[in-house]
Amino acid sequence: MLKKRVGIEVSLAVAEAVKQARAQVVSAYPITPQTHIVEELSTYVANGELDAEFIPVESEHSAMSAAVGAAAAGARVYTATSSQGLALMHEILFIASAQRLPIVMTVANRSLSGPISIWNDHSDIMAERDIGWVQLFVEDGQEATELTIAAFKIAEDHRVLLPVAVNMDGFILTHMIEPVIFPAQATVDKFLPPYKPALKLDPAKPVTMGPVGVPEVYLEAKKQCEQALLDSKAVVAEVLAEAGKTFERKYNLIETNGKKKAKTLFVTMGSLGESVWSAVEGLNEDGEDVGQVRIRLWRPFPVQEFKKACKGAKRLIVIDRAMSPGSVCGPVAQELKTIFYKDKDAPEIVNVIAGLGGRDVPVADFKEMYRLAKKGKLAKTYTLWGVDSNA
Amino acid sequence: MLRDITIDYEKITAKNTPKECMISSGHRACQGCGEILAMGMVTKAAGKDIIVANATGCMEIVTSPFPQTAWKLPWLHVAFENAGAVGSGIEAAIKVLHRQGKIKKKPHVICFAGDGATADIGLQSLSGAMERGHDMLYVCLDNEAYMNTGIQRSSSTPWGASTTTSPAGKQSKGQNTQKKNLPMIMAAHGIPYVATASPAFHLDLMNKVRKALAVDGPAYMHIYAPCPTGWGLAGSKSVEISRLAVNTKVFPLYEVIGGRFVISRKPAKPQPVLDYLKLQRRFRHLGEKDVAEIQLAVDGAWDYLEKLAKATAKEEK
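Computed from a predicted model, the values in this text were never measured in an experiment.

### Focus: the overall build of chain A
- What chain A contains, in helices and strands, is twelve helices and 16 strands.
- Scaling as 2.2 N^0.38, a compact globule of 391 residues should have a C-alpha radius of gyration of about 21 Å, and chain A matches this with 21 Å.
- For the C-alpha atoms alone, the extent of chain A along its principal axes is close to 70 × 55 × 40 Å.
- Counting all 391 residues of chain A, 59% fall into the buried class.
- For chain A, the accessible area works out to roughly 15,700 Å², and carbon and sulfur atoms hold 54% of it.

In structure tokens form, the structure reads like this:
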């Protein structure tokens, strides 16, 4: 297998991955910190390095609408967005999954207005939890590259046929220069054959897509989509395993780091996991009984796999990167409290909401969170890290 | 910028009018619906090699209650405000799939949307699609209000029309703004083909569809589509009112080809606007003075159109 290892900005690595995946239509609108990806893709198209149609749409709403049209017509479709752009797509995101269209989208995670902020957190995607998409979180450039390619394979699998969002932290990951090993084109082509739609807009075989769902059928239609999403977990696991084999890495739905069967576990999603890993390593060296669980697949939520990873733990320190105003804690902690509810050996769940709007959370802070949790000094609901609050 | 565009198309006459409508009977449109009538004519002229993107609205609702469909064409409905963008995506996919040899023929893309979906909520999406030059036809079926939701005013509702959100009352004459001029906005995009049409002049309408599909690049058609339910008009009067709209110059028929304005039909003896207004309940609160004002505005708009036609006409050599 021919491989090249290069130092590259992660956004550009993702663009290279989309090129290697041979996307046929790219529709995108500029928004920081996603723009480098689609700038690079438009350059590929302009230079003839990627045989695709690049649609420079006039809004993210249209980016997703054009993606829906192109996917329905039978093309492999890619787009990328962030923050306000994702929020503007909101309406169409539900329709893309309801129409079972295998669109792949990078979400360069960024905070939501207001106040306006271009910096990183997970507020954007957490407001889109229920769109019915497969949602992955990546931690580094290599993973971003390989899971972007894998995302097409997951989405286009006829057992799935759902759109896939690949989440990567804005700036913290998108703008980092990292060493990335690219697979050979032939390897990617073998891993990801051309897209074969189950149904498409074709005058030779007309179909009606997006009809009215009267009360007698609406519920069944919604349940079919939910079932497809639930069933996609097995395919995601299968494709990630194959991606691991192909790209010589290891990809599970849930990953663990640190001391085995630790009493306390940090739970993270995205690139903050790397800082937590450093903190956990340090704490382990100091003899502390702590480990880490990292969620790679967020939707559908891999309940059994997550519980298995937490087996024996007495306490979870869940790091949320978004608020859920008016609720009891952050969105990830809510999810975990729900899945452990009434379990006999359920761990205590403490929630720290940290790093909103690009606020730095250094390694030492995670060590401090651990110490406070151990002493039972973190709030029962959630702690907004770095802010004196009455929560 | 004026361009000379020659359009090669197969002309439709009374003798060779296509008969096959790609929307089957049994749809749920109201009696006398001008939209479904016009849409049927468009599909007759366009033929079978078409992909349709339909905005949310009456036409989407009445033709697609699952598990039934009235469509004999591949048809996609996504949302209210994005027919232009959805059409863009379909067109881009066709281009690349054809280039890569994945499909043999290149079907035409037609977007259908009402006036609310075009002039209001979908204007940005439409403008983007036209500006980017996608090879597709966008058809606005203009019934001058949000009929599907219960006759609310749109920016395409004419002055003086009473709707459920611009009701006539002691302090109000109904809609207090002038109708937004969509064909002119589209012409300002510099696209190769813009036309207005009326289902009362079916050969004119169908030939315009043929031309719109024959040109390279985006085309826009603005079709007058009476709504008996929303206008307070007898269902049997749909075609008559469509003819009156043209003969009173309320809805002029014209084309803008490469920037050149060509009036399709100049009524020899224009009828007064009163003949048009008095058949519709939405205008019944208007007095003589109001009708005179409408007449003045209609005459002014016609005069402006004639001047444009003269100014943009090909110079005789």
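### Regarding the side chain of A:Ser271
All names here are of chain A.
- As for its placement among the helices and strands, serine 271 is situated in the loop between β11 (264-268) and α9 (272-285).
- For serine 271, the side chain forms a polar contact with the side chain of aspartate 169, separated by 2.6 Å.
- When near neighbours in sequence (up to four residues on either side) are disregarded, serine 271 contacts Val138, Glu139, Asp169 and Ile172.

### Considering the domain arrangement of chain A
Residues and elements named next belong to chain A.
- Taken domain by domain, chain A consists of domain 1 (5-246) and domain 2 (255-384).
- Placing a centre on the C-alpha atoms of domain 1 and another on those of domain 2 gives a separation of 28 Å.
- On the domain 2 side, the residues contacting the 27 residues of domain 1 number 25 residues.
- Carbon and sulfur atoms supply 55% of the area that domain 1 and domain 2 bury against each other, a total of about 2,200 Å² over both sides.

### Points about the sheet that holds strand β9 (residues 254-257) of chain B
- Ordered by their spatial adjacency, nine strands build an open sheet running β9(A)-β2(B)-β1(B)-β3(B)-β4(B)-β8(B)-β7(B)-β9(B)-β10(B), and the pairing between neighbours is mixed. What marks the edges here is a single partner per strand, and that holds for β9 (208-209) of chain A together with β10 (260-263) of chain B.
- Summarising the sheet, β9(B) and β10(B) pair through four bridges and their orientation is antiparallel. Its bridge partner lying in β10(B), B:Glu255 is registered against B:Val262.
- Sheet strands in contact with helix α1 (residues 34-46) of chain B are β1 (50-54), β3 (108-114), β4 (137-142) and β8 (219-224) of chain B, and its direction is about 175 degrees off that of β3(B).

### Observations concerning the interface of chain B and chain A
- With 41 residues of chain B in contact, the opposing surface of chain A contributes 38 residues.
- Overall, the association of chain B and chain A removes approximately 3,000 Å² of surface from exposure, summing both partners, and the carbon and sulfur fraction of that is 62%.
- At the boundary of chain B and chain A, one finds four salt bridges.
- One salt bridge in this structure joins B:Arg99 and A:Glu53, with 2.7 Å as the shortest N-O distance.
- Across the chain B-chain A interface, the total number found is 16 residue pairs in polar contact (both at pLDDT 80 or more).
- Residue assignment for the side of chain B that touches chain A shows that the elements contributing at least two residues are β1, α2 (58-63), β2 (75-77), α3 (83-99) and α5 (123-132) of chain B.
- Here the element with the most residues in the side of chain B that touches chain A is α3(B); it accounts for eleven residues.
- When β9(A) meets β2(B), the two strands line up parallel, connected through two bridges. Along β2(B), the bridge assignment pairs A:Thr208 with B:Trp75.

Rules and cut-offs
Residues numbered from 1 in each chain as written. Chains lettered and ligands numbered in written order. Predicted model: local features only at pLDDT ≥ 70, side-chain atom pairs only at ≥ 80, totals over all residues. Heavy atoms only, no water. Helix = DSSP H or I, 4+ residues; strand = E, 2+ residues; numbered from the N terminus. Rg over C-alpha atoms; globule rule 2.2 N^0.38 Å. Buried < 20%, exposed > 50% of the residue type's maximum accessible area, 1.4 Å probe, protein only. Areas by Shrake-Rupley, 256 points an atom, 1.4 Å probe, with all protein chains shown as cover. Polar contact = N/O pair within 3.5 Å; in protein donor to acceptor, adjacent residues only side chain to side chain. Contact = heavy atoms within 4.5 Å. Domains from an automatic or database assignment. Buried area = accessible area lost by both parts, 1.4 Å probe. Pairing = 2+ DSSP bridges. Axes fitted to C-alpha atoms, helices over the stretch in contact; angles between N-to-C directions. Salt bridge = Lys/Arg side-chain N within 4 Å of Asp/Glu carboxyl O.

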